[in-house]
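Residue-level listing of the chains:
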Amino acid sequence: MCGIVGYVGKRDLIPVLVGGLRKLEYRGYDSAGVAFLKDDRLNVVKCKGRLTNLEEKLGGVSVEGSIGIGHTRWATHGEPSDINAHPQTNAVGDLAVVHNGIIENFRQLKSWLQAKGIRFVSETDTEVIAHLVNYYYEGDLRSAVLKAVKMLEGSYAIGVICLNEPDRIIGAKKDSPLIIGLGKGENILASDFPALLEYTKEVYILEDNEVAEITENSIEVFDTLGNRVEKEVFKVDWNLDQAEKGGWEHFMIKEIHEQPVAMHDTLMARLHDDRIDLSEINLNEEIIRSITGIKIVACGSAYHAGVLGKYVIENIGRIPVDVDIASEFRYRMPSPILSENELFIVISQSGETADTIAALREAHKKGAKVIAITNVKGSTVSREADFTMHTQAGIEVAVATSKGYLTQVLCLYMIAAEIGRIRKTITEEEYSAFIDNLKRIPDCLREILKEKGQIQQLAASRFSDVHEFFIGRGMDYALMMEGSLKLKELSYIHSETYAAGELKHGPIALIEDNTLVMVLATQEALIDKVVSNIREVKARGAFVVAMTMNRYAEKFEHDSDLIIRLPDIDDMFAPILAAVPYQLYGYYTAVNKGCDVDKPRNLAKSVTVE
Ligand code: G6P
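The structure reproduced in this document is the subject of the present report. Small disclaimer: the values here were computed from a predicted structure and weren't measured.

1. Let's talk about the overall build of the protein chain
Line of reasoning, step 1. Assigned secondary structure in the protein chain consists of 18 helices and 27 strands.
Line of reasoning, step 2. Its C-alpha atoms give the protein chain a radius of gyration of 25 Å, within 12% of the compact-globule value 25 Å for 610 residues.
Line of reasoning, step 3. The dimensions of the protein chain, computed from C-alpha atoms along their principal axes, are 75 × 55 × 45 Å.
Line of reasoning, step 4. The buried share of the protein chain, reckoned over its 610 residues, is 61%.
Line of reasoning, step 5. The contacts of the protein chain with a sequence gap of at least 6 include a subset with a gap of at least 24, amounting to 72%.
Line of reasoning, step 6. About 23100 Å² of surface is accessible on the protein chain, with carbon and sulfur atoms providing 46% of the total.

2. Some remarks on the side chain of Thr 407
Line of reasoning, step 1. In this structure, Thr 407 sits in helix H13 (residues 403-422).
Line of reasoning, step 2. Residue Thr 407 is classed as buried on the basis of its relative accessible area, which comes to 0%.
Line of reasoning, step 3. Only 2.7 Å separates the side chain of Thr 407 from the backbone oxygen of Lys 403, close enough to count as a polar contact.
Line of reasoning, step 4. What Thr 407 contacts, discounting residues up to four positions off in sequence, is Ala 262, Met 263, Thr 266, Thr 391 and Ala 393.

3. Describing the site of the ligand
Line of reasoning, step 1. The environment of the ligand is made up of 14 residues, and the closest members are Ser 301, Ser 348, Gln 349, Ser 350 and Thr 353.
Line of reasoning, step 2. Residue Gln 349 places a main-chain N or O atom 2.7 Å away from an oxygen atom belonging to the ligand.
Line of reasoning, step 3. Take Ala 604: an N or O atom from its main chain is 3.3 Å from an oxygen atom of the ligand.
Line of reasoning, step 4. Burial of the ligand by the surrounding chains reaches 90%, relative to a free accessible area of 390 Å².
Line of reasoning, step 5. For the shell around the ligand, the element with the highest residue contribution is helix H9 (residues 300-317), accounting for three residues.
Line of reasoning, step 6. Its residues assigned to classes, the shell around the ligand shows five nonpolar, seven polar and two charged.

4. As for the pattern of salt bridges
Two side chains with opposite charge may pair up if their charged atoms get near one another.
Line of reasoning, step 1. Enumeration over the complete set of coordinates arrives at 44 salt bridges.
Line of reasoning, step 2. Note that Asp 208 and Lys 173 form a salt bridge whose closest N and O atoms lie 2.9 Å from each other. With Asp 208 in the loop between strand E11 (202-205) and strand E12 (211-214) and Lys 173 in strand E8 (residues 169-174), the pair connects residues that are 35 residues apart, well separated along the chain.
Line of reasoning, step 3. For Lys 173, a relative accessible area of 3% translates into the label buried.
Line of reasoning, step 4. Here Arg 551 ties to Asp 571 by a salt bridge, and the two come within 2.8 Å at their closest N and O atoms. Pair noted here: Arg 551 is in the loop between strand E26 (543-549) and strand E27 (562-566) and Asp 571 is in the loop between E27 and helix H18 (574-593), with a separation of 20 residues, a long-range link.
Line of reasoning, step 5. Among the charged side chains, a network of salt bridges with common partners joins Lys 173, Lys 174, Asp 175, Asp 208, Arg 361 and Glu 384.

5. Side note on the sheet that holds strand E3 (residues 41-48)
Line of reasoning, step 1. Reading across the sheet, the eight strands line up as E3-E2-E4-E1-E10-E9-E11-E15 and stay open at both edges, with antiparallel pairing between neighbours. Here the strands that pair on one side only, and so sit at the sheet edges, are E3 and strand E15 (234-235).
Line of reasoning, step 2. Note that strand E1 (residues 3-12) and strand E4 (residues 64-73) share eight bridges and pair antiparallel. Within the sheet, the bridge partner assigned to Val 5 lies in E4 and is Gly 70.
Line of reasoning, step 3. Contacting strand E2 (31-38) and E3, helix H2 (residues 51-58) crosses the sheet at an angle of about 140° to E3.

Conventions and cut-offs
- Residues numbered from 1 in each chain as written.
- Predicted model: local features only at pLDDT ≥ 70, side-chain atom pairs only at ≥ 80, totals over all residues.
- Heavy atoms only, no water.
- Helix = DSSP H or I, 4+ residues; strand = E, 2+ residues; numbered from the N terminus.
- Rg over C-alpha atoms; globule rule 2.2 N^0.38 Å.
- Buried < 20%, exposed > 50% of the residue type's maximum accessible area, 1.4 Å probe, protein only.
- Contact = heavy atoms within 4.5 Å.
- Areas by Shrake-Rupley, 256 points an atom, 1.4 Å probe, with all protein chains shown as cover.
- Polar contact = N/O pair within 3.5 Å; in protein donor to acceptor, adjacent residues only side chain to side chain.
- Near = heavy atom within 4 Å.
- Nonpolar A, V, L, I, M, F, W, Y, C, P; charged D, E, K, R; others polar.
- Salt bridge = Lys/Arg side-chain N within 4 Å of Asp/Glu carboxyl O.
- Pairing = 2+ DSSP bridges.
- Axes fitted to C-alpha atoms, helices over the stretch in contact; angles between N-to-C directions.

Laid out in structure tokens, this is it:
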């Protein structure tokens, strides 16, 4: 969480910093600020709220041929306020720091510094860094930063500037991402690629404990001992227009509509002659035959993708799959259990989620080979995993994921098919049919998107709901976890996912007249059971919206208030299609309520703190 940028070069740096922060707002948006050198002074402008407030406060100032740093915040220490906004400075105000991460020993450091007479003005952990660097400063900013970061426990990506060294920015990182864009006569520091794309696609990716010294014509990177480190140039293959709304009202709706292409690209990248090629993750015959189980670890929607993957892999590949939330897995007491011959998979759209990275490292400690499914090439997860399957979703900007999630699901389907084929739990014919169904998905999604009017109407009639239920059985239950989360994140309506058969063990007490119960029922073998569950909630006054394929729709006519029809596809693939109407439902409900759809309150897209 939190986005940082830094610029050194000839341009007016205000648009570079503010434009960069706009691209990083998905990382947090409680407050924003910049610090820059102008007129032989270090100037700090910062304020609570969105970037537009900061722009207003900057009042059109231009700063050419100088250095500056900027920050967009997701508050961890201290409420969102002008004072707690970054940059934070030393006492005399000639040194400024922006920071993404959490300094866990900040209280000890603060007391230590206070005992030396230093006065703190904010509640942030970041202010400690500014005073520490100042404390160690003896005319060389880089060595002061190096000494300061050695004192820090926790995670940080920082950018530091000071008045005495007006030609350089110092960057340093541990457990939070930091990259440097390589320009000509200019260089840019940032938390993530979108902030740089307008200027360069060539970057250095900093590794933990590295410190970078950046001037307009040089970038030098050092290890903790102060030795020079040679960096390789990483080329970003994303385009700037992927990070723009391109005529859509929100990124969320744009990205929902990009799913047919994202799914097509993700599939085609590893489909050769109608065979799935998983050599990128080294899933060869020998490994697939030898594994006895699979563990999938992830957070948020990526976790939901894992749960759906479990159903598919167990069905097709007949291998037990255990899915765990990364923040739980990493702290399993006394330590997580990984069995020998268990395949370990982490899933993360951003590749920067702190808990997922920690889970990956935990698995490495236990000697496991880690497979990652991620959308971001060059991300920490992608670099640290032994093998990586990149989803081809393109840049995802909206905080609530859509195409990121669905392409992760697709990767798990592909893994399931390969396991099934190699372990002969499906026949060659079934494998071919499986591939054919996967190929049909983009067109089916297009069809669903064309029919979005029905969902729009439903959202318009229910946006004042206080809570809703999302129920299903089997794979449908797994999909409903994501459907319900979309509604919650986007519209702030409380929604519960329940396994349809479990509802009567408690939550049914909450059903009253007109409570909306969303029901997904795409699995023929379970339809009669689900219909019984519908009757149970109908008998208590629920308003039931059932979703199923055309061919099963009549089974729901009697007991449902509304039926949403999915294109006919094999049951196994229907949950993939069902994701889209629920994304649309969350989106339109949020729009009706006037919510900030792309940046829901209290959330951040990339959760780089635990
Ligand atoms: C945040 C986002 C979610 C995302 C989760 C995991 O909570 O708001 O949309 O699913 O992080 O992110 P990852 O990048 O690891 O998939």
